[in-house]
Amino acid sequence: MNIKRNVLLNPGPATTTDSVKMAQVVPDICPREKEFAGMMKDLRADLLKVAHAPADKYTAVLFCGSGTINIDICLNSLLPEGKKVLIVNNGAYSSRAVEICQYYGLPHIDLKSSVFEQPDLSAVKQALDQNPDVALVYTTHHETGTGVLNPIREIGAMAHEHGAVFVVDTTSSLGMIPFDIEQDNVDFCMASAQKGLMAMTGLSFIIGNEAEIRKSKDYPKRSYYCNLFLQYDFFERTGEMHFTPPVQTIYATRQALNEYFEVGETAKFARHRRVIEAIHQGLADMGLREVIRRDIQSGLVASVLYPDDPNWNFERVHDYCYEHGFTIYPGKISTTNTFRLCALGTIDADDIEAFFLVLRDAFRKYGIQCPAVYHN
Ligand SMILES: *Cc1c(COP(=O)(O)O)cnc(C)c1O
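What counts and how
Residues numbered from 1 in each chain as written. Predicted model: local features only at pLDDT ≥ 70, side-chain atom pairs only at ≥ 80, totals over all residues. Heavy atoms only, no water. Helix = DSSP H or I, 4+ residues; strand = E, 2+ residues; numbered from the N terminus. Rg over C-alpha atoms; globule rule 2.2 N^0.38 Å. Buried < 20%, exposed > 50% of the residue type's maximum accessible area, 1.4 Å probe, protein only. Contact = heavy atoms within 4.5 Å. Areas by Shrake-Rupley, 256 points an atom, 1.4 Å probe, with all protein chains shown as cover. Lys, Arg positive; Asp, Glu negative; His and termini not counted. Charge placed at Lys NZ, Arg CZ, Asp CG, Glu CD. Polar contact = N/O pair within 3.5 Å; in protein donor to acceptor, adjacent residues only side chain to side chain. Core = buried A, V, L, I, M, F, W, Y, C linked by side-chain atoms within 4.5 Å. Pairing = 2+ DSSP bridges. Near = heavy atom within 4 Å. Nonpolar A, V, L, I, M, F, W, Y, C, P; charged D, E, K, R; others polar. Disulfide = S-S within 2.5 Å. Phe/Tyr/Trp six-rings, centres within 6.5 Å; stacked < 30°, edge-to-face > 60°. Lys NZ or Arg CZ within 6 Å of the ring centre and 35° of its normal.

S.K.: It is not clear to me how the overall build of the chain should be interpreted in this structure. Could you clarify?
M.R.: Tallying secondary structure elements over the chain gives 12 helices and 14 strands in all. Computed over C-alpha atoms, the radius of gyration of the chain comes to 21 Å, within 12% of the 21 Å expected from 2.2 N^0.38 for 376 residues, which places it in the range of a compact globule. Seen along its three principal axes, the alpha-carbon backbone of the chain occupies a region of about 65 × 55 × 35 Å. Across the 376 residues in the chain, those meeting the buried criterion constitute 58%. Relative to all contacts within the chain whose residues are 6 or more apart in sequence, the contacts with residues 24 or more apart total 73%. When the accessible surface of the chain is summed, it comes to about 15,700 Å², and 50% of that surface belongs to carbon and sulfur atoms. Each charge sign in the chain was given a centre, from 36 positive and 46 negative side chains, and these centres are 2 Å apart.

Take a look at the structure:
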């Protein structure tokens, strides 16, 4: 089968290998068969390895849904009665966690800071000192909306000193940026299969401290479908998901994990570095400006400032690139007009070089100046 290859420079889902795409084409199977449960058991064990999580302390729990389901589940399931969540918020994804707290009516502190910077650690310390009832500290590892990487190890240390559980949204970093759940002081991390693992959409997973999940059995139950203990307990007792799993997506994830371990964490990280370096270079060559300081960037997302050019039109440039096999993505910074180029997926530096030829063609076609112009 010949499948058209698109280069996705959006922040996930990412470009996948053909072998991962084809892994979805399997004989029909009822997911209650032992064969399928056996595959999920191995998958859960292998997901722990991606986070370097020791199997005697951590467990991986699978869910059917996009990455946001993990945020929802962790927040609604892991907060004891009468306690508070502290959200260290410097971007769109932590703001999503704040909204989830609002929807569930969870007591929370929204410790908001500039989306262009890393959070101020002394403000985190102060918030913890002033709020002894904080039992859950939450942040985002890589704020995909801007490309800022957050200092989770330091925040985690403060959370633990305070006796709080530390939950981190690692959706857009796990499997891409080296991460060690214990060294990074994380109790719960999460991702969905279509980002770092380069599989398909529809499977999400939480990797977390098993003792904390067991403790949460007695916490208030705020959701039925999205309760962490319920799903964990069902897996432990039966080896199955409580409700129907995304069968074909799980086969694709199995294949993607095999490919992940074949390549290895170090080589994969090096490839992501090559891709982002090619992106930085291509942007600089066109005079396009990035909005986030290089030293706090994740190395997975470049946020590019719209040029001050009357002919600039994101939609038109996007459509031109799309017609030529490349997808670019709008930014998520409400106050600044940006678009994003991301280094996720099974792409390499040559794809980025090919992309910049197309982008230059788009600039030429629509009369956008190159090098790009900025008024200040
Ligand atoms: C992609 C992403 C999510 C999940 O978004 P969905 O649209 O639900 O897949 C959550 N957090 C971060 C940081 C992400 O990049």
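S.K.: I would appreciate a short explanation of the side chain of glutamine 297 in the present structure.
M.R.: By the element assignment, glutamine 297 lies in the loop between helix 10 (265-285) and strand 11 (301-305). Polar contacts involving the side chain of glutamine 297 include one to the main-chain carbonyl oxygen of isoleucine 292, which spans 2.8 Å. What glutamine 297 contacts, discounting residues up to four positions off in sequence, is Gly147, Leu149, His280, Glu290 and Ile292.

S.K.: Explain the nonpolar core to me, please; I cannot follow it from the model alone.
M.R.: Nonpolar side chains tend toward joint burial in soluble globular proteins. Counting residues in each nonpolar core, the largest one holds 80 residues, and the members touching the most others are Leu75, Val137, Tyr138 and Ile207. Contact partners of isoleucine 207, with chain neighbours within four places excluded, come to Leu47, Leu48, Ala51, Ala53, Thr59, Ala60, Leu174, Ile181, Asp187, Phe188 and Cys189. Residues Ala302, Val317, Cys321 and Phe355 belong to the second largest nonpolar core, which totals 34 residues.

S.K.: Teacher, can you tell me more about the pairing of strand 5 (residues 134-140) here?
M.R.: Regular strands have side chains that alternate between both faces of the sheet. Counting buried positions along strand 5 gives seven out of seven residues, so the element sits mostly inside the fold. Sheet topology note: the strand 3 (residues 84-89)/strand 5 ladder contains five bridges and is parallel. Counterpart to isoleucine 87 in the pairing with strand 5 is tyrosine 138. Bridge count between strand 5 and strand 8 (residues 165-169): five bridges; the pairing is parallel. Each bridged residue has a counterpart across the sheet, and for leucine 136 the counterpart in strand 8 is valine 165.

S.K.: For this particular structure, what's the right way to read the sheet that holds strand 14 (residues 338-342)?
M.R.: Two orientations exist for strands paired in a sheet by backbone hydrogen bonds: parallel and antiparallel. Across the sheet, three strands lie side by side as 11-14-13; this open sheet has antiparallel pairing. At either end of the open sheet lies a strand with only one pairing partner, and these are strand 11 and strand 13 (329-330). One ladder, built from five bridges, connects strand 11 with strand 14; its direction is antiparallel. If you follow valine 304 over to strand 14, its bridge partner there is phenylalanine 339.

S.K.: I'm lost on the site of the ligand in this one. Help?
M.R.: Among the 13 residues in the neighbourhood of the ligand, the closest are listed as Ser66, Thr68, Thr144, Asp169 and Lys195. Within the side chain of threonine 144, one N or O atom sits 2.5 Å away from an oxygen atom of the ligand. Within the side chain of lysine 195, an N or O atom sits 2.7 Å from an oxygen atom of the ligand. Protein coverage of the free-state accessible area of the ligand, which is 380 Å², stands at 86%. Classifying every residue of the shell around the ligand by side-chain character gives one nonpolar, nine polar and three charged.

S.K.: Where do I start with the state of the cysteines in this structure?
M.R.: Note: disulfide means a covalent bond formed between the sulfur atoms of two cysteine side chains. The final tally for this structure, using the stated rule, is zero disulfides. With no disulfide of its own, cysteine 74 lies 8.9 Å from the sulfur of cysteine 189, the closest cysteine sulfur. Lacking any disulfide linkage, cysteine 226 is separated from the closest cysteine sulfur, that of cysteine 64, by 10 Å. Its relative accessible area of 11% is what places cysteine 226 among the buried residues.

S.K.: What is the right way to read the packing of aromatic side chains from this model?
M.R.: The geometry of an aromatic ring pair is captured by the separation of the ring centres together with the interplanar angle, meaning the angle of the planes. Applying the stated rule across the entire model yields 13 aromatic pairs. Aromatic side chains tyrosine 306 and phenylalanine 314 sit 6.2 Å apart centroid to centroid with 15° between the ring planes, which places their arrangement in the stacked category. Pair check on accessibility: tyrosine 306 and phenylalanine 314 agree, each one buried. Ring pairs connect the aromatic residues Tyr306, Trp312, Phe314, Phe339 and Phe363, which therefore count as one cluster. The ring centre of phenylalanine 235 lies 4.5 Å from the NZ or CZ of arginine 44, which sits over that ring.

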